[in-house]
Amino acid sequence: MTVFRETVTKVDRFDRAQAFTTTPAGEFGWTIADTSSSGTPTYLCISGLGAKLTIAATSEAENVCLYQNNVLPYLLNKIQKVRFIASVSGIDAVTTLVMGVGSTRDDDPDNVATAALFRMEGSVSTSLVVCETDDAVTNNDDKAGVISLSSTDKLFEIGFTNGLSDVRFFIDGARVASGTTFDMSAAASTDKVQLLVQIQKASGTGTPAVTIKRAEIVYNSALGA
């Protein structure tokens, strides 16, 4: 049987007007998980301005995640790179933000079994970005990237071209957290992941927000194998 091999690139520029819901929609199957009980967080695409997730001012714990409904469409060992263009506002000491790829989502990002993520942990810093990976065996948490994220768009990339034993992180083209070897090689060959962006607050009336203007994933595919 002939095997047709290709490298697939999927990009969402969020260049349309769209309100995200708990029902999957579009090519990426974007879906919202929203844990708010009294507040009304917002999550929508504003044509030309990106997809914006904003936590409500209501004083309660809230978590909003834009993800692919736990369908897990991508084999981890086939991914070449993942990229986001993102900016933030209102990050405070009780905010947590993650973006990258992961297996089945959880309100606590540390409970996602397999993941490669950029992260902001407001209790540590309201501007600095850290990097982390987990393959259910080796867990590298919160490794400093020494890069600040604010209202200015930045390009975030997770690179897998060196193999799962050496996953690399880049911001605006420059490698970050290079002092850590992010080893995900214990992941099973069948492990799958999804794109996700999650922002949450533990309490208070803050309104942290993240805007994503581009999400991209590049992976290898073999048809007929």
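Our structure is the block above this text.
Report follows, based on the coordinates. (Residues numbered from 1 in each chain as written. Predicted model: local features only at pLDDT ≥ 70, side-chain atom pairs only at ≥ 80, totals over all residues. Heavy atoms only, no water.)

With that settled, consider the overall build of the chain. For the chain, the helix and strand inventory stands at zero helices and 17 strands. For 225 residues, the compact-globule estimate of 2.2 N^0.38 gives 17 Å, and the C-alpha radius of gyration of the chain, at 17 Å, lies within 12% of that figure. In terms of overall dimensions, the chain has C-alpha extents of about 60 × 40 × 30 Å along its principal axes. Among the 225 residues that make up the chain, the fraction classed as buried is 49%. (Helix = DSSP H or I, 4+ residues; strand = E, 2+ residues; numbered from the N terminus. Rg over C-alpha atoms; globule rule 2.2 N^0.38 Å. Buried < 20%, exposed > 50% of the residue type's maximum accessible area, 1.4 Å probe, protein only.)

This next bit is on the pattern of salt bridges. Scanning the model with the defined rule gives 11 salt bridges in all. In this structure, R16 and D12 form a salt bridge, with 2.8 Å as the shortest nitrogen-oxygen distance. Taking relative accessible area as the criterion, D12 reaches 7% and is therefore assigned buried. The salt bridge involving E216 is made with R214; its shortest N-O contact spans 2.9 Å. E216 sits in the buried class, given a relative accessible area of 5%. One salt-bridge network, held together by shared partners, links R83, E157, R214 and E216. (Salt bridge = Lys/Arg side-chain N within 4 Å of Asp/Glu carboxyl O.)

This paragraph deals with the nonpolar core. If you look at the biggest cluster of nonpolar residues, it comprises 51 residues, and the most contacted ones within it are F118 and F160. Counting eight residues, the second largest nonpolar core, distinct from the first, contains A33, C65, V98 and A115. (Core = buried A, V, L, I, M, F, W, Y, C linked by side-chain atoms within 4.5 Å.)

With respect to the helices and strands, the residue E60 is situated in the loop between β5 (50-54) and β6 (62-67). In this structure E60 is buried but unpaired, with K201 as the nearest side chain of opposite charge at 6.9 Å. A distance of 2.9 Å separates a polar atom in the side chain of E60 from the backbone nitrogen of G39. The residues touching E60, leaving out its near neighbours within four places in the chain, are S36, S37, S38, G39, K201, A202, S203 and G204. (Lys, Arg positive; Asp, Glu negative; His and termini not counted. Polar contact = N/O pair within 3.5 Å; in protein donor to acceptor, adjacent residues only side chain to side chain. Contact = heavy atoms within 4.5 Å.)

A few words on a nonpolar patch on the surface. Taken together, the side chains of L44, I46 and L49 define a hydrophobic patch exposed on the protein surface, amounting to about 230 Å² of accessible area. Here I46 shows up in strand β4 (residues 42-46). The class of I46 is partly exposed, set by a relative accessible area of 35%. (Patch = residues over 30% accessible without salt bridge, like charges linked within 9 Å, V, L, I, M, F, W, Y side chains within 5 Å. Areas by Shrake-Rupley, 256 points an atom, 1.4 Å probe, with all protein chains shown as cover.)

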